[in-house]
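# Structural features, examined
What follows is each chain in one-letter form.
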Amino acid sequence: MDAPLKGWKILVPRGGVWGGDVAEAVRARSAFPITAPLINFASPNEDDSRLLSEKIRLLESGHYNWIAVTSATAADVMHSLGVKVPDHTLIAAVGETTAASLTTAGYRVDFVPTHDNSAKGLLLEWAEAARHQPPISVLWLRSEVARPTLAEGLARRGHLVDSVVAYRTVGVPAAESIQYDIRNSRIRAILVTSGSVAEQVHKQFSPIPDEIYIAAIGPRTAKDARQLGLRVDAVAKQRSVASLLDGLEWLASGSDMPVTEAIDLKALRAFEALVLQAEQENLPVPKEDIPALDEGRGQTPGDR
């Protein structure tokens, strides 16, 4: 069986269950995963913690119609805080990984987008949150540096959203042995799975030898990595680990990779139809963003 990545050492930049699953996917390609968590998660600052506690009390009293959960980490926070979700409050998960984390923690999941696992995917497919629907109240549990896409999209549609910081992302220094292996090109590829990971790769390992490939999970992450000064050699066509490793296999086999499409063409056509209908009926033109395939670095608090 052809195995282009056979014998490669590939840096997996996250630990936990997710990192373990990625390591298994790397092994399945006959490569060796080197797990080095470069980011971890911490409690929010004092003010954000007070607001989080306040909004959770509102949630448990039945105030919200929906909770929006856009990361597995947010699901873990809910579980660690012992959050009780009322029966009438529904839960929207950004993707299958987040949904699985919620289910494992004992929560039900009422909606998961099928085409795009991002905040934009939620906005595109979430029927109850669509334009011209009755207003809903939503609690969004997010990271400190999350882009405001979801809150702004819901507000534009007339819905009520409380955007609350549930956790912070912090850097984790890699072991000296891993830094040595990178300096001496003993690792063949580094997986960059988010803008936050890209920051740590740049901060801890630059300059990265030309012999080491850098693979980004999607166009947004690739853009953030390049803005930091990192060279990006492969970009996943879909926001998945399998697609990310496919990109490395293209490189390993010496072939040109297919061009990555950052825009969901089906969503683009649907958006254009909405614009045409609005113009024909003399309604305000919709302003939803077209969904991209991955999320990049968040803005700093001062930018929001």
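Residues numbered from 1 in each chain as written. Predicted model: local features only at pLDDT ≥ 70, side-chain atom pairs only at ≥ 80, totals over all residues. Heavy atoms only, no water.

The protein chain is annotated in an unreviewed UniProt entry as Uroporphyrinogen-III synthase from Pseudoclavibacter helvolus. According to the UniProt record, the Catalytic activity (unreviewed entry) comment for the protein chain reads "hydroxymethylbilane = uroporphyrinogen III + H2O". Recorded in UniProt under Pathway (unreviewed entry), the annotation for the protein chain is "Porphyrin-containing compound metabolism; protoporphyrin-IX biosynthesis; coproporphyrinogen-III from 5-aminolevulinate: step 3/4." (UniProt positions renumbered as here; feature names shortened; annotations may be inferred.)

It is worth spelling out the packing of aromatic side chains at this point. One pass over the full model with this rule turns up four aromatic pairs. Look at Trp 8 and Tyr 213: their rings are 5.7 Å apart centre to centre, the planes differ by 15°, and that puts the pair in the stacked class. Taken as a pair, Trp 8 in the segment before β1 (9-12) and Tyr 213 in strand β9 (residues 213-216) lie far apart in primary sequence, 205 residues in all. You can call Tyr 213 partly exposed: its relative accessible area is 22%. In this structure an aromatic cluster arises from ring pairing among Trp 66, Phe 111 and Trp 126. Here the guanidinium or amino end of Arg 188 rests over the ring plane of Trp 8, the centre of that ring lying 4.2 Å away. (Phe/Tyr/Trp six-rings, centres within 6.5 Å; stacked < 30°, edge-to-face > 60°. Helix = DSSP H or I, 4+ residues; strand = E, 2+ residues; numbered from the N terminus. Buried < 20%, exposed > 50% of the residue type's maximum accessible area, 1.4 Å probe, protein only. Lys NZ or Arg CZ within 6 Å of the ring centre and 35° of its normal.)

Moving on to the nonpolar core. If you look at the biggest cluster of nonpolar residues, it comprises 24 residues, and the most contacted ones within it are Leu 11, Ile 178, Ile 190, Val 201, Phe 205 and Ile 208. Contributions of two or more residues to this core are made by α7 (176-183), β8 (189-192), α8 (195-205), β9 and α9 (219-227). When residues of this core are assigned to their parent elements, the largest contribution, four residues, is made by α8. Residues contacting Ile 178, with those up to four places away along its chain left out, are Leu 11, Ile 34, Thr 35, Ala 36, Ile 187 and Phe 205. Formed by 23 residues, the second largest nonpolar core is a distinct cluster that contains Ile 56, Tyr 64, Ile 67 and Ala 166. (Core = buried A, V, L, I, M, F, W, Y, C linked by side-chain atoms within 4.5 Å. Contact = heavy atoms within 4.5 Å.)

So, on to the pattern of salt bridges. Counting across every chain of the model gives 13 salt bridges. Here Glu 46 ties to Arg 50 by a salt bridge, and the two come within 3.0 Å at their closest N and O atoms. Taken together, the residues span about one helical turn, with Glu 46 and Arg 50 both in helix α2 (residues 46-60) at a distance of four residues. Linking Asp 233 and Arg 231 is a salt bridge whose minimum nitrogen-to-oxygen distance equals 3.1 Å. Among the residues examined, Arg 231 registers a relative accessible area of 28% and is labelled partly exposed. Taken together, the shared-partner salt bridges in this structure form one network comprising Arg 29, Asp 246 and Glu 249. (Salt bridge = Lys/Arg side-chain N within 4 Å of Asp/Glu carboxyl O.)

Moving on, we come to the sheet that holds strand β2 (residues 32-35). If you walk across this open sheet you meet the five strands as β2-β1-β8-β9-β10, and the pairing is parallel. Whereas interior strands pair on both sides, the edge strands pair on one side only; in this sheet they are β2 and β10 (234-235). By the bridge criterion, two bridges tie β9 to β10 in an arrangement that is parallel. Bridge pairing in β10 places Ala 216 opposite Val 235. Along the sheet face, helix α1 (residues 16-28) touches β1, β2 and β8 and points at about 155° away from the line of β2. (Pairing = 2+ DSSP bridges. Axes fitted to C-alpha atoms, helices over the stretch in contact; angles between N-to-C directions.)

Topologically, Val 161 is positioned in strand β7 (residues 160-171). Put simply, Val 161 and Leu 150 are 11 residues apart on the chain and 8.9 Å apart in space, counted from C-alpha to C-alpha. Beyond its immediate chain neighbours, meaning those up to four positions away, Val 161 contacts Val 138, Trp 140, Ala 151 and Leu 154.

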